[in-house]
Amino acid sequence: MVLESAGSQVSLQRCADLVILSDTPKGRGVFATKHIPSRTIIDVCPVLVVEAEADLKLIERTCLNHYTYNWSIVDPKGHRRVVQAVVFGLGSMFNHSREDQNVGWERDAERGIITYRALRLIKAGEELCISYGGRLTFVDADDNSTTYNEGDGIEQLNQIQLD
């Protein structure tokens, strides 16, 4: 697969109506080049669940730490706990927006994938954003008044996953 590049824009062959722009106020982001109808599947992304404590400590020391998702699992003893997951595809490229979220996601833990869908009509030129939930570990570019601690992430998962 060959990716075409024009300046800071990279055309996505897998998602032909989307581009990644690197020079936005939020940094790198995913943008529509054509209208995307509501409920359209935007991407289905494989997930790599990081359960081992040693692996998690390694990820925390790298830039991957900013791209992992909290991922709820049931351990062999039947206890629910939160681990980290690396989401491939566009899943780790969507920026956060609390006010203008236009992409939702549905987790399929059994198959180890996340499906991203348009929550409404997304117009050409619009950035595709998901909500990271109410607990952020960074200053929200949409609302600079509050910074949140991520906590255990269970509440966050329950708030932003599509039903």
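Thresholds applied
- Residues numbered from 1 in each chain as written.
- Predicted model: local features only at pLDDT ≥ 70, side-chain atom pairs only at ≥ 80, totals over all residues.
- Heavy atoms only, no water.
- Phe/Tyr/Trp six-rings, centres within 6.5 Å; stacked < 30°, edge-to-face > 60°.
- Helix = DSSP H or I, 4+ residues; strand = E, 2+ residues; numbered from the N terminus.
- Buried < 20%, exposed > 50% of the residue type's maximum accessible area, 1.4 Å probe, protein only.
- Lys NZ or Arg CZ within 6 Å of the ring centre and 35° of its normal.
- Pairing = 2+ DSSP bridges.
- Axes fitted to C-alpha atoms, helices over the stretch in contact; angles between N-to-C directions.
- Salt bridge = Lys/Arg side-chain N within 4 Å of Asp/Glu carboxyl O.
- pLDDT = per-residue confidence, 0-100.
- Contact = heavy atoms within 4.5 Å.

Moving on: the packing of aromatic side chains. Scanning the entire structure with this criterion turns up two aromatic pairs. With a centroid separation of 5.0 Å and an interplanar angle of 50 degrees, the aromatic rings of Phe 94 and Tyr 116 are classed as tilted. Here Phe 94, found in the loop between strand E7 (80-87) and strand E8 (95-96), pairs with Tyr 116, found in strand E10 (residues 113-118); they are 22 residues apart in sequence, far enough to count as distant. The residues Phe 94 and Tyr 116 share a single accessibility class, namely buried. Of note, Arg 107 hangs over the ring of Trp 71, and the distance from its end group to the ring centre comes to 5.0 Å.

What follows is about the sheet that holds strand E9 (residues 103-108). Within a sheet, neighbouring strands are paired by backbone hydrogen bonds and run either parallel or antiparallel to one another. Ordered by their spatial adjacency, five strands build an open sheet running E6-E7-E5-E10-E9, and the pairing between neighbours is antiparallel. Every interior strand has two partners, whereas the edge strands, strand E6 (68-74) and E9, have only one. Each neighbouring strand pair of the sheet contributes to a mean axis angle of 40 degrees, computed without reference to strand direction. With six bridges joining them, E9 and E10 adopt antiparallel strand pairing. In the sheet register, Glu 106 faces E10, and the bridge partner there is Thr 115.

Moving on, we come to the pairing of E7. Examined bridge by bridge, strand E5 (residues 41-50) and E7 share four bridges and lie antiparallel to one another. The residue bridging Val 49 from the neighbouring strand is Ala 85, located in E7. Relative to E7, E6 runs antiparallel, the two sharing seven bridges. Bridged to Val 74 within E7 is Arg 80. In textbook terms, the turn of a hairpin is the stretch between consecutive antiparallel strands, and for E6 and E7 this stretch comprises five residues, one of which, Gly 78, has a positive phi near 85 degrees.

With that settled, consider the pattern of salt bridges. This model, assessed by the stated rule, comprises three salt bridges. Measuring nitrogen to oxygen at the nearest pair gives 2.7 Å for the salt bridge that ties Arg 111 to Asp 108. For Asp 108, a relative accessible area of 23% corresponds to the partly exposed category.

What follows is about the confidence of the model for the protein. The predicted model of the protein has a mean per-residue pLDDT of 77, with 71% of residues at 70 or higher. Of all the helices and strands in the protein, helix H2 (residues 154-160) carries the lowest mean pLDDT, 50, while strand E11 (residues 127-130) carries the highest, 94. Taken together, the stretch residues 1-5 has pLDDT below 50 and engages in 10 contacts with residues farther than four places along the chain or on a different chain. With pLDDT under 50 throughout, residues 146-154 is counted as low confidence; its partners more than four residues away or in other chains account for 22 contacts.

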